[in-house]
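Structural description and commentary
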Amino acid sequence: MTTSDPDCRLNIEAAPGSLNRYRFGRRLVDALLCEECGVYVASVMQIEDRMLATLNVAGVALDGFSGRSGEPVAYDDETDEDRLARRKARWTPTVLVEASPSA
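Read on for an overview of the structure. Since the structure is predicted, the reported quantities are computational estimates derived from the model, not experimental observations. (Residues numbered from 1 in each chain as written. Predicted model: local features only at pLDDT ≥ 70, side-chain atom pairs only at ≥ 80, totals over all residues. Heavy atoms only, no water.)

1. Quick look at the overall build of the chain
We apply this condition: The helix count covers DSSP runs of H or I at least four residues long, the strand count covers runs of E at least two residues long, and both are numbered beginning at the N terminus. The contact criterion used is simple: two residues touch if any of their non-hydrogen atoms lie within 4.5 Å. All accessible-area figures derive from a Shrake-Rupley calculation using a 1.4 Å probe, and residue coverage is judged against the displayed protein chains alone. We treat Lys and Arg as the positive residues and Asp and Glu as the negative residues; His and chain ends play no part in the count. Think of each charge as sitting on NZ of Lys, CZ of Arg, CG of Asp or CD of Glu.
Within the chain one finds one helix and seven strands. Traced from its N-terminal end to its C-terminal end, the chain shows the element sequence β-β-β-β-β-β-α-β. Principal-axis analysis of the C-alpha atoms places the extent of the chain at approximately 50 × 35 × 25 Å. Long-range contacts, defined here as pairs at least 24 residues apart, represent 57% of the contacts in the chain between residues at least 6 apart. Approximately 7400 Å² of the chain is accessible, and the part contributed by carbon and sulfur atoms is 49%. Taken together, the 12 basic and 17 acidic charged side chains of the chain have centroids lying 3 Å from each other.

2. A look at helix H1 (residues 80–90)
Convention followed: Working definition: with a 1.4 Å probe on protein chains only, accessible area under 20% of the residue-type maximum means buried, over 50% means exposed, and in between means partly exposed. Directions from the helix axis toward the C-beta atoms define the arc.
Within the span of H1, buried status applies to Arg83, Arg86 and Arg87. Burial along H1 is one-sided: seen end-on, the buried residues are contained in an arc of 95 degrees. Opposite the buried face of H1, by more than 90 degrees, sit the exposed residues Glu81 and Ala89. Those residues of H1 that are buried lie in contact with strand E5 (40–47) and strand E6 (50–56).

3. Examining the packing of aromatic side chains
The following threshold applies: Within 6.5 Å between ring centres, the rings of Phe, Tyr and Trp (the latter by its six-membered ring) count as paired, and their orientation is classed by plane angle as stacked under 30 degrees, edge-to-face over 60, tilted in between. By the criterion adopted, a ring carries a charge over it if an Arg CZ or a Lys NZ lies within 6 Å of its centre and within 35 degrees of its normal.
All told, the structure shown has one aromatic pair when counted by the stated rule. The ring of Tyr75 has Arg86 lying over it, and the distance from NZ or CZ to the ring centre is 3.7 Å.

4. Overview of the side chain of Thr92
Considering the arrangement of structural elements, one finds Thr92 in strand E7 (residues 92–98). Exposure remark for Thr92: the relative accessible area of 8% places this residue in the buried category. Not counting the four nearest positions on each side in its chain, Thr92 is found in contact with Ser4, Asp5, Pro6, Cys8, Arg9, Leu10, Met51, Leu52 and Ala53.

5. Structural notes on the side chain of Arg86
With respect to the helices and strands, Arg86 occurs in helix H1. Sequence-distant contacts of Arg86, that is, excluding residues within four places in its chain, are made with Tyr75, Glu78 and Trp91.

6. A short note on the layout of surface pockets
Note the threshold: The method works on a 1 Å grid over the protein atoms by themselves. A cavity is a set of points holding a 1.4 Å probe that cannot get out, a pocket is an open set with protein on both sides within 12 Å along at least five of seven lines, and residues with an atom within 4 Å of a point line them. Grid points are joined across faces, edges and corners, and a volume is the space filled by probe spheres set on the points.
As a volume, the largest pocket reaches approximately 1000 Å³. Considering the residues around the largest pocket, the lining is formed by 29 residues, among which Thr2, Thr3, Thr54, Val73 and Tyr75 are closest to the centre. Residue assignment for the lining of the largest pocket shows that the elements contributing at least two residues are strand E1 (2–3), strand E4 (30–34), E5 and H1. A total of four residues in the lining of the largest pocket trace back to one element, the largest contributor, which is H1.

7. Quick notes on the pairing of E4
Formally: Pairing between strands requires that DSSP locate at least two bridges from one strand to the other.
By the bridge criterion, four bridges tie strand E3 (residues 19–22) to E4 in an arrangement that is antiparallel. Looking across to E4, one finds that Tyr22 is bridged to Ala31. In this sheet, E5 lies alongside E4 in antiparallel orientation, the contact comprising four bridges. When the bridges of E5 are listed, Leu32 appears paired with Ala42.

Set out below in structure tokens:
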């Protein structure tokens, strides 16, 4: 279960080396996976001069998600152009910082 909101901002902060990146089929999106436990964290995509993401909300305690069920979607008939347009319109503007915590 993932979510995104183009009117919000997402900051992903992780220690260096704590995230693995994996690219599926079209190799346009990086799936971010926790190096330690393997959990899927988010998918990020660089589009032009900005990064966009969709955040995994399964198993986390975020306000507004308690008791909700996922809504299945299918993108099988989507063209590459449609997919890019959907992501530009719906994914969350994101900053990904992989840095050591400051002392």
